[in-house]
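Here's the letter readout for the chains.
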Amino acid sequence: MLLAGPLATHGLGGQTDLPIPFPVAVIGGAWALTITFAVVAFAWRRPRFAEPVDVGRPPAIRSWLTVVGTLVTVWVYGALFLGSDQLRAGAVGFFYTWLWVGLVPLALVAGHVWRDLSPWRGVQRLLGRALGRPQGYLRYPSWLGYWPAAAGLLAFVWLELCSPDPGSTTSVRWWLGTYAVVTVVGGVLFGPRWFNRADPFDVYSAVVARLSPLVVDRRWHPHNPLRTLPTVPLDHGLIAIVAVLLGSTAFDSFGASQEWQLREMSTLGDTVALLVFVLVVGAAFVAAAMATGGVTRAQRRALPGDLVHTLVPIVVGYVFAHYLTYLVEKGQRAVIDLLALDATPSFWLSERPMLVGTLKVVFVVGGHILAVLAAHDRALLTLPRAHRLTGQLAMMVLMVAYTFMGLYLLLSV
Amino acid sequence: MRLRSVITAVAAAVLLAGCGGSTDRGDEGSEAAEPVVLDVTIADGEVTPTNDRVEVSVGQEVVARVTSDAADELHVHGEPEATWAVEPGMEGEEFRYTPQIPGQIAIETHGLHATVATLVVTP
């Protein structure tokens, strides 16, 4: 049974993790990052990850996966709108755990299978064929870029972290109902491009999938993920996507801290605070990326886009650090409820706080170290020779600040 | 090759740091410890305490003694969840909860929208 508490974080009520009990590890982790930066600066001076992994044309859509995705979606929507108390709770749980968090490990292990699974792409294909307009009626405006997806992700984190009652069936019905309508209408109007640029979950999955060490272009092909990471398709609004994902995580950690809970915040106040976090994270990244000498104005403006993929490992690291027990344990509860079973989830992870704490630190530091490696490699490619080291300094300061802050939050909350 | 050694060195540093920290463990064997008492008062539309932090061990009972002049509901956001119905005129009414799993458990008033206390449950 999920009770929507007044201050429940993450949309779902219930128990949360202990604070990380070992400051030593946290400080050690932050130092590890700093040292990596220093060592890497001299370790290699020629780009190593610039050459893309070529596996030929991506495979056609796997329809059986679309059937699976559609069945799951129909079940969840059915439970949410027509089900009993338990089924509704299961649907709400599924939305916050498997859809929002489960998407990340899925993309890491299996690449962008979301494209195959997506029932919305399936509906678009069927309707497009029936209407004789498989590519839609309108051209997707290029200036829109990823902005609709960024707005969708912001709408999700707003519901999860700022809305008055995120755990209620009504809130989730509104959100998922609107999402379904917008996604189907957008898909029919603009064709498949809509999903590549405007569907928040599809885009999130596509971005994370570039970090998958196992799959390239939806085909099994183990490789060094740092070679596929730079191939995240760049477009307007990509920085906004990463800023929403990172800024909301930071806001969430702050929000759970005791100092924050002490002040009474209205929904509006929380919303403003969330936006400020997102803007600060985004602006700090853009400023740090641009802070180098010896480039023309046009080159300088292109730098944040050149480096934005390097933030993806950080996002992934925080998602795991932040939601590990949540996904595993609340995720089990969601499945139990969705199948209307009477069972108790296993709390194997929560019963081992030391393991959970260690994993959290490893995820955060690991994500940052991958980011540093990716950023260094890209800097060798894009920065002028004379500014290769100094041009990375601002980014180093920013990343170390992010790490300290991230670990501090994990430590204190 | 140099890259690999860099990564190995960093991984080792992280692991060492992790191990260094894991040696300081909490005092164990407090299984059958005395119950922890938490006094909660709801009066004139205010609840005391708010945002208290209470350290307990798994299996150690928490007794909330509730005094109230209004109807409300206290939610214990743990595994399992619990809901305590508060009625006007309660004087030191006792509600009991025994945490089963390590973590943080918020006790919240549903009516007044406030966190009364967070149980910090250690193994």
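Residues numbered from 1 in each chain as written. Chains lettered and ligands numbered in written order. Predicted model: local features only at pLDDT ≥ 70, side-chain atom pairs only at ≥ 80, totals over all residues. Heavy atoms only, no water.

Chain A is annotated in an unreviewed UniProt entry as Fenitrothion hydrolase of Aeromicrobium camelliae.

Residues and elements named next belong to chain A. Counting 106 residues, the largest nonpolar core has W100 and Y204 as its most contacted members. Looking at this core, the element that brings in the most residues is helix 16 (residues 312-338), giving twelve residues. If we ignore the near neighbours within four places in the chain, the residues touching W100 are F95, L153, F156, V157, E160, F201, Y204, L245 and Y323. (Core = buried A, V, L, I, M, F, W, Y, C linked by side-chain atoms within 4.5 Å. Buried < 20%, exposed > 50% of the residue type's maximum accessible area, 1.4 Å probe, protein only. Helix = DSSP H or I, 4+ residues; strand = E, 2+ residues; numbered from the N terminus. Contact = heavy atoms within 4.5 Å.)

All names here are of chain B. Side chains A82, W84 and V86 project from strand 6 (residues 82-86) onto a buried face, and the interleaved T83 and A85 project onto a face without burial. Bridge count between strand 5 (residues 72-77) and strand 6: five bridges; the pairing is antiparallel. Across the sheet, residue H75 finds its bridge partner in strand 6, namely T83. Connecting strand 5 to the next strand, strand 6, in antiparallel fashion are four residues. (Pairing = 2+ DSSP bridges.)

All names here are of chain A. Relative to each other, helix 6 (residues 119-131) and helix 8 (residues 169-190) sit at 40 degrees, their axes nearing to 9 Å. With respect to their mutual orientation, helix 6 and helix 8 come out oblique. Of the two possible hands of crossing, helix 6 and helix 8 adopt the one that is right-handed. Where helix 6 abuts helix 8, its residues W120, V123, Q124, L127 and L131 lie against Y179, A180, T183, V184, G187 and V188. (Axes fitted to C-alpha atoms, helices over the stretch in contact; angles between N-to-C directions. Parallel < 35°, antiparallel > 145°, perpendicular 65-115°, else oblique. Left-handed = near helix turned anticlockwise from the far one by under 90°.)

Here the focus is the pattern of salt bridges. Residue and element names in this part refer to chain A. Taken as a whole and assessed by the stated rule, the structure comprises eleven salt bridges over all chains. Where R88 meets D85, a salt bridge forms, and the shortest distance between an N and an O atom there is 2.8 Å. Placement of the pair is R88 and D85 together in helix 3 (residues 85-99), with a separation of three residues, close to one helical turn. Owing to a relative accessible area of 24%, R88 belongs among the partly exposed residues under this scheme. (Salt bridge = Lys/Arg side-chain N within 4 Å of Asp/Glu carboxyl O.)

Residue and element names in this part refer to chain B. Spatially, the four strands line up as an open sheet ordered 2-1-4-7, and their pairing is mixed. Looking at the sheet topology across the chains shown, the edges are occupied by strand 2 (46-48) and strand 7 (90-97). For this sheet, the mean inter-axis angle between neighbouring strands, taken without regard to orientation, is 20 degrees. One ladder, built from seven bridges, connects strand 1 (residues 36-43) with strand 4 (residues 62-68); its direction is parallel. Its bridge partner being in strand 4, V36 is matched across the sheet by V62.

Geometrically, the link from T48 of chain B to P49 of chain B is a cis peptide bond, its omega value of -10 degrees lying close to zero. E79 of chain B connects to P80 of chain B through a cis peptide bond whose omega is 0 degrees. In this structure, A340 of chain A is a non-glycine residue whose phi angle is positive, near 55 degrees. As for its placement among the helices and strands, A340 of chain A is situated in the loop between helix 16 and helix 17 (353-382). A positive phi is found at D44 of chain B, a non-glycine position, where the angle reads about 50 degrees. With respect to the helices and strands, the residue D44 of chain B is situated in the loop between strand 1 and strand 2.

The next subject is the pairing of strand 5 of chain B. Residues and elements named next belong to chain B. Burial analysis of strand 5 places five of its six residues in the buried class, the great majority of the element. In terms of strand pairing, strand 5 meets strand 8 (residues 103-109) through four bridges, oriented antiparallel. Paired with L74 across the two strands is T109, which belongs to strand 8.

All names here are of chain A. On average, residues of chain A score 88 in pLDDT, and 93% of them reach the 70 mark or higher. No element of chain A has a lower mean pLDDT than helix 13 (residues 258-262), at 58, and none a higher one than helix 10 (residues 200-209), at 98. Contacts for the low-pLDDT stretch residues 1-8, under 50 throughout, to residues beyond four places or in other chains number 28 contacts. (pLDDT = per-residue confidence, 0-100.)

Next up on the list: the sheet that holds strand 8 of chain B. All names here are of chain B. Taken in spatial order, the five strands of this open sheet run 3-9-8-5-6, and their pairing is mixed. Lying at the two open borders of the sheet, with one neighbouring strand each, are strand 3 (52-57) and strand 6. Taken over all neighbouring pairs, the strand axes of this sheet differ in orientation by 20 degrees on average, direction set aside.

This paragraph deals with the packing of aromatic side chains. Residue and element names in this part refer to chain A. In the structure shown here, the tally under the stated rule is 22 aromatic pairs over all chains. With centroids separated by 5.8 Å and ring planes inclined at 65 degrees, the aromatic side chains of W44 and F49 adopt a geometry described as edge-to-face. Of the two residues, W44 and F49, neither departs from the other in class, the shared state being buried. An aromatic cluster of three or more residues is present, and its members are Y77, F81, F95, Y96, W100, W120, F156, W175, Y179, F201 and Y204. (Phe/Tyr/Trp six-rings, centres within 6.5 Å; stacked < 30°, edge-to-face > 60°.)

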